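# Summary of structural features
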Amino acid sequence: MKIIEIEGGKKLTGTIRISGAKNATVALIPAAILTDEEATICNVPEITDTEALCDILELLKVKVNRSTESVVINPSEMENVEITEPYSKKLRASYYFMGALLGKYKKAVMYFPGGCSIGERPIDLHLKGFEALGAKVTTEKNKYTVEAEELKGANIYLDIASVGATINIMLAAVKAKGITVIDNAAKEPEIVNVATFLNNMGAKITGAGTSTIKIEGVEKLHKCFHEVIPDRIEAGTYIIIGALCGEMLKIDNVIPEHIDPLLSKLEEIGVNFEVGRDHITVLESGNDLKSTTVKTAVFPGFPTDLQQPFTVLLTQANGMSRVIETIWENRFMHIPYLNQLGSRIVVKNQTAEIVGPTKLTATSVAATDLRAGAAMVAAALIAEGKTKIANAEHILRGYEQIVEKLVSVGARIELKEI
Ligand code: EPZ
């Protein structure tokens, strides 16, 4: 098991550079198999989710050449074999191979995906989308076979604006015959990044970033070069850390519009920061942060993926704050650990009520999922004494070089294997 140890109380100064977006990368890598030619994707974060997807590519006999920050994917000799359970289960985003393989070969065989335990996480909307395109879905325990004689464009209305279903349907539809329209599509920046990549390969997708996406099927996709957008959740996490213990902490390589909902909340509660063209500088904030209410929502609402780190900041605000989680049923697993560190938080149904400010004191905690782990790191950085965070593997799934980045701005943090 990996453990992160943090000696809290240090002020952080300097620059942290944001890596490529995890949630775009994890769709771009499977999307690359839709061509028979070479795709080069740069600004790819070195996180364990990327490694797990490259392992699946190798299982499918796709040539993968990984260098610092880029990956070259060549599927010219690939084989459409079953993605066995251990590979499917390594991460949630393995499900993008379902859409991509269906689009390319009209057949995909894989198992229910893994990923963070933050709720039930069904994939019914993905499957309904594939069926609307003409595929037959057979489920045997947790094994899925999705097969079609021919994929035909269709009008698909998503009951929920799901990120995964929107991308997966796009992947299957790019090579379908005719036009597919996805209504109530998710609008997250990662979806726009994936649509841009597919269009660079010759797909005809319009409307990505709005709630109606139109995909005109094409016969063939070709080689391309693509850059992953900066990770807005990683950026938001470090900005929150800056608000907690920064002293001129510059977060570089950021698209500020992607984190507007966070920035407006920070302004409301009194965090001191400056917005540049591609960076945010967090100045030292006083002790007079105000409490607030925040409700997670689909983009451009407040991202659920920042809710857990933001809760830590609210432990330092004066008065009662509320965090209302609307996307996932089980995203408050960080709260018992925060309370062990000294916070006063009560969870009632899907709302966390936080009374602040509270002094945090180091103890042993655990990362129950990726963003809960990020919340533990943020809390440990301001806690008095040495905090040990168990199950740090969860954190490494989504934050490239988190230890090195924090050390470079003055944190006392170490990664250990026990
Ligand atoms: C993506 O998950 C992200 N993961 C999540 O980030 C993120 O929290 C989430 O979008 C919301 O922004 C990846 O991109 C790999 P959804 P996804 O489909 O696509 C329900 C992180 O920490 N739903 O938009 O799985 C679902 O249960 C991770 O980086 C169905 O009911 O999320 C949820 O309540 C965690 N049926 C809601 O929709 C479906 O078929 C939104 O889920 C699909 C989803």
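Residues numbered from 1 in each chain as written. Predicted model: local features only at pLDDT ≥ 70, side-chain atom pairs only at ≥ 80, totals over all residues. Heavy atoms only, no water.

## Here we look at the pairing of strand E19 (residues 344–348)
Bridge count for E19 against strand E20 (residues 351–356) is five bridges, and the pairing is antiparallel. What sits directly across from Lys 348, in E20, is Thr 351. Counting the residues in the hairpin turn of E19 and E20 gives two residues, including Asn 349, whose phi is positive at 50°. (Pairing = 2+ DSSP bridges. Helix = DSSP H or I, 4+ residues; strand = E, 2+ residues; numbered from the N terminus.)

## So, the site of the ligand
The local shell around the ligand holds 23 residues, among which Leu 125, Ser 162, Asp 305, Ile 327 and Arg 371 are the closest. Here an oxygen atom of the ligand and a backbone polar atom of Pro 122 are 3.3 Å apart. In this structure, Asp 305 approaches the ligand through a side-chain N or O atom, which is 2.6 Å from an oxygen atom. Look at the ligand: alone it shows 820 Å² of surface, and the protein chains cover 91% of it. Secondary-structure elements contributing two or more residues to the shell around the ligand are helix H1 (22–31), helix H5 (124–132), helix H6 (163–173), helix H10 (304–314) and helix H12 (370–382). Residue composition of the shell around the ligand, by class: 11 nonpolar, five polar and seven charged. (Near = heavy atom within 4 Å. Polar contact = N/O pair within 3.5 Å; in protein donor to acceptor, adjacent residues only side chain to side chain. Areas by Shrake-Rupley, 256 points an atom, 1.4 Å probe, with all protein chains shown as cover. Nonpolar A, V, L, I, M, F, W, Y, C, P; charged D, E, K, R; others polar.)

## Regarding the domain arrangement of the protein
One frequent convention defines the size of an interface as the accessible area lost when the parts assemble. Segmentation of the protein into domains returns domain 1 (2–18 + 230–417) and domain 2 (22–227). Placing a centre on the C-alpha atoms of domain 1 and another on those of domain 2 gives a separation of 30 Å. Taken together, the contact between domain 1 and domain 2 spans 20 residues of the former and 21 residues of the latter. When the two sides are added together, the surface that domain 1 and domain 2 hide from each other amounts to roughly 1800 Å², 51% of it contributed by carbon and sulfur. Among the residues domain 1 hides against domain 2, the three largest losses belong to Phe 299, Arg 397 and Glu 400. Together they make up 36% of the total. Inspection of the domain 1/domain 2 interface yields two salt bridges. The closest approach of N and O atoms between Glu 190 and Arg 232, which form a salt bridge, is 2.8 Å. Summed over the shared surface of domain 1 and domain 2, the number is nine residue pairs in polar contact (both at pLDDT 80 or more). Across the side of domain 1 that touches domain 2, the residue classes break down as seven nonpolar, four polar and nine charged. (Domains from an automatic or database assignment. Contact = heavy atoms within 4.5 Å. Buried area = accessible area lost by both parts, 1.4 Å probe. Salt bridge = Lys/Arg side-chain N within 4 Å of Asp/Glu carboxyl O.)

## A look at the packing of aromatic side chains
The final tally for this structure, using the stated rule, is three aromatic pairs. Ring plane angle 75° and centroid distance 4.8 Å describe the contact between Tyr 95 and Tyr 96, whose orientation is recorded as edge-to-face. Both rings, one in Phe 112 and one in Tyr 144, keep their centres 6.3 Å apart while their planes meet at 40°; by these two values the pair is tilted. Residue Phe 112 is located in the loop between strand E6 (107–111) and H5, and its partner Tyr 144 is located in strand E8 (residues 143–147); the two are separated by 32 residues in the primary sequence. Lying over the aromatic face of Tyr 87, Lys 90 brings its terminal NZ or CZ to 5.4 Å of the ring centre. Its end group placed over the ring of Trp 328, Arg 121 keeps NZ or CZ at 4.6 Å from the ring centre. (Phe/Tyr/Trp six-rings, centres within 6.5 Å; stacked < 30°, edge-to-face > 60°. Lys NZ or Arg CZ within 6 Å of the ring centre and 35° of its normal.)

## Some points on the side chain of Thr 237
Counting through the fold element by element, Thr 237 comes out in helix H8 (residues 232–245). With relative accessibility at 2%, the residue Thr 237 sits in the buried group. For Thr 237, the residues in contact, after removing those within four places along its chain, are Leu 306, Pro 309, Ala 374 and Tyr 399. (Buried < 20%, exposed > 50% of the residue type's maximum accessible area, 1.4 Å probe, protein only.)

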